[in-house]
2 protein chains.
Amino acid sequence: MQKQETLSKNQKIILDLIEKSDQPLKAYSILFDVKKKGINAPLQVYRALNKLVKIGKIHKIESRNAFIACKNSKCQIAKATVFSICESCEDVTEIHDHKLSEHLRDFKDNKGMKYNKYNLEFFGLCKKCI
Amino acid sequence: MQKQETLSKNQKIILDLIEKSDQPLKAYSILFDVKKKGINAPLQVYRALNKLVKIGKIHKIESRNAFIACKNSKCQIAKATVFSICESCEDVTEIHDHKLSEHLRDFKDNKGMKYNKYNLEFFGLCKKCI
DNA sequence: CTTAAATATGTTATATTATTACACAGCGTT
DNA sequence: AACGCTGTGTAATAATATAACATATTTAAG
C-alpha cells in the first residue's frame, strides 16, 4: 500500500487546475487563474508547485518553465520523466516507454555518479505541424 | 567539409569565457565578467548565447539556466545533449555515450512526432558528494 | 492531552532570468 | 545603390523565482 499524500488547500486548488489542463501551465498563469480562489501571491503558487513536483503529482517541463500533471498513477515520485515537445505548437506529451525507461534507469557512466533521477525532453514537430 | 562559422566580437568574447570554465555559467554572471570588455547589457549576452547554442558551441543546461561549452568538436549542432548533474555540488558533465545516443536518436513514439533534437539530464550525486 | 516538530499559510519585498522595441552599423548580393 | 541579413548598443520592461518574516495548522512523541 502506497502512502496516500494528503494535500493542503492550496495544493489541491493548484493540482486541480493543472489536472484539468492537458497542456503545461506556467506559474504566473496559474496564479492568475487561482486569484478568484484567494491565492494572491507567486510564492503561494510556487510552494504548492514544489510540493506537487516532489510527490510526483506534476512534472516541470524544464525547457518551458511549465508544469503538467502526471497521468501515470504509479508515478509517485518525480524521478524519471520523458516528454515530447512540439516546437511549433508547443504541445507537450509525457512518454511512458518501457524499453527506453529501462535503458535510462540502467545507465551508468564512467565517473562513478550515483543517479536517482533523470529528465528527458524530445523536441520536434507533431503530426499536425509537420 | 563543414561550414566554419565566423564568430562576431561579442560572440567570441563570450564563448571564450565559457570555454575557460569547465562548469556552466549563468547569463548574468557572464554579463558581470564581460563588462570590462565593453559588453554592458543583458541582451548583448543573450544574443551571443543564443547564437552559440544554435551553432552548437555551447549547450544550455535547462534545469539550471546555465551554459556550458561543448567539448565535442563533432557536435556542430546542439541537437542531442546528455548531461550528468550532481545535486549536491552542482558539478555538470556532458556525457557522450554511443549506445545511449543511438537509442535516443532511434526513439520513435506512437504519436507520429518527428524529432530533431533531445536533451537529457541525469541527476544524482557525484563521487565526491556521495 | 500537551508540547515540540514539521508543514503550510499569508504578505511584502526583491532577486534572477529573459525579451521587446528602437536606432543604427557592416557586409555581401543583385 | 538598394536590399537583405546579421550584428551592435541602449533603455525599458516582462517573466520567472526566492528571501525574510510572522503566524497558523497538523502530526507524532512523551
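Residues numbered from 1 in each chain as written. Chains lettered and ligands numbered in written order. Predicted model: local features only at pLDDT ≥ 70, side-chain atom pairs only at ≥ 80, totals over all residues. Heavy atoms only, no water.

## Points about the environment of His-59 of chain A
Residues and elements named next belong to chain A.
Okay, step 1: Relative to the helices and strands, His-59 is located in strand 1 (residues 58-61).
Okay, step 2: Assessed through its relative accessible area of 2%, His-59 is described here as buried.
Okay, step 3: A distance of 3.2 Å separates a polar atom in the side chain of His-59 from a polar atom in the side chain of Glu-94. (Helix = DSSP H or I, 4+ residues; strand = E, 2+ residues; numbered from the N terminus. Buried < 20%, exposed > 50% of the residue type's maximum accessible area, 1.4 Å probe, protein only. Polar contact = N/O pair within 3.5 Å; in protein donor to acceptor, adjacent residues only side chain to side chain.)

## Quick look at the packing of aromatic side chains
Okay, step 1: Evaluation of the coordinates by the stated rule reveals 10 aromatic pairs over all chains.
Okay, step 2: Here Tyr-115 of chain A and Phe-122 of chain B contribute two aromatic rings whose centre-to-centre distance is 4.9 Å and whose plane-to-plane angle is 35°, an arrangement assigned as tilted. Taken together, the residues Tyr-115 of chain A in strand 5 (residues 114-125) and Phe-122 of chain B in strand 6 (residues 114-125) connect one chain to another. The exposure classification of Tyr-115 of chain A matches that of Phe-122 of chain B, with both residues buried.
Okay, step 3: These aromatic residues form a ring-pair network of at least three members: Phe-107, Tyr-115 and Tyr-118 of chain A together with Phe-122 of chain B. (Phe/Tyr/Trp six-rings, centres within 6.5 Å; stacked < 30°, edge-to-face > 60°.)

## Considerations on the protein's contact with DNA strand D
Okay, step 1: Neighbouring DNA strand D are 16 residues; Lys-26 and Tyr-28 of chain A together with Gln-44, Arg-47 and Lys-51 of chain B lie closest to it.
Okay, step 2: Of what DNA strand D places within 4 Å of the protein, 47% of the atoms are sugar or phosphate.
Okay, step 3: For DNA strand D, a base nitrogen lies 2.7 Å from a polar atom in the side chain of Tyr-28 of chain A.
Okay, step 4: Between Asn-65 of chain A and DNA strand D, the recorded distance is 3.4 Å, taken from a side-chain N or O atom to a phosphate oxygen. (Near = heavy atom within 4 Å.)

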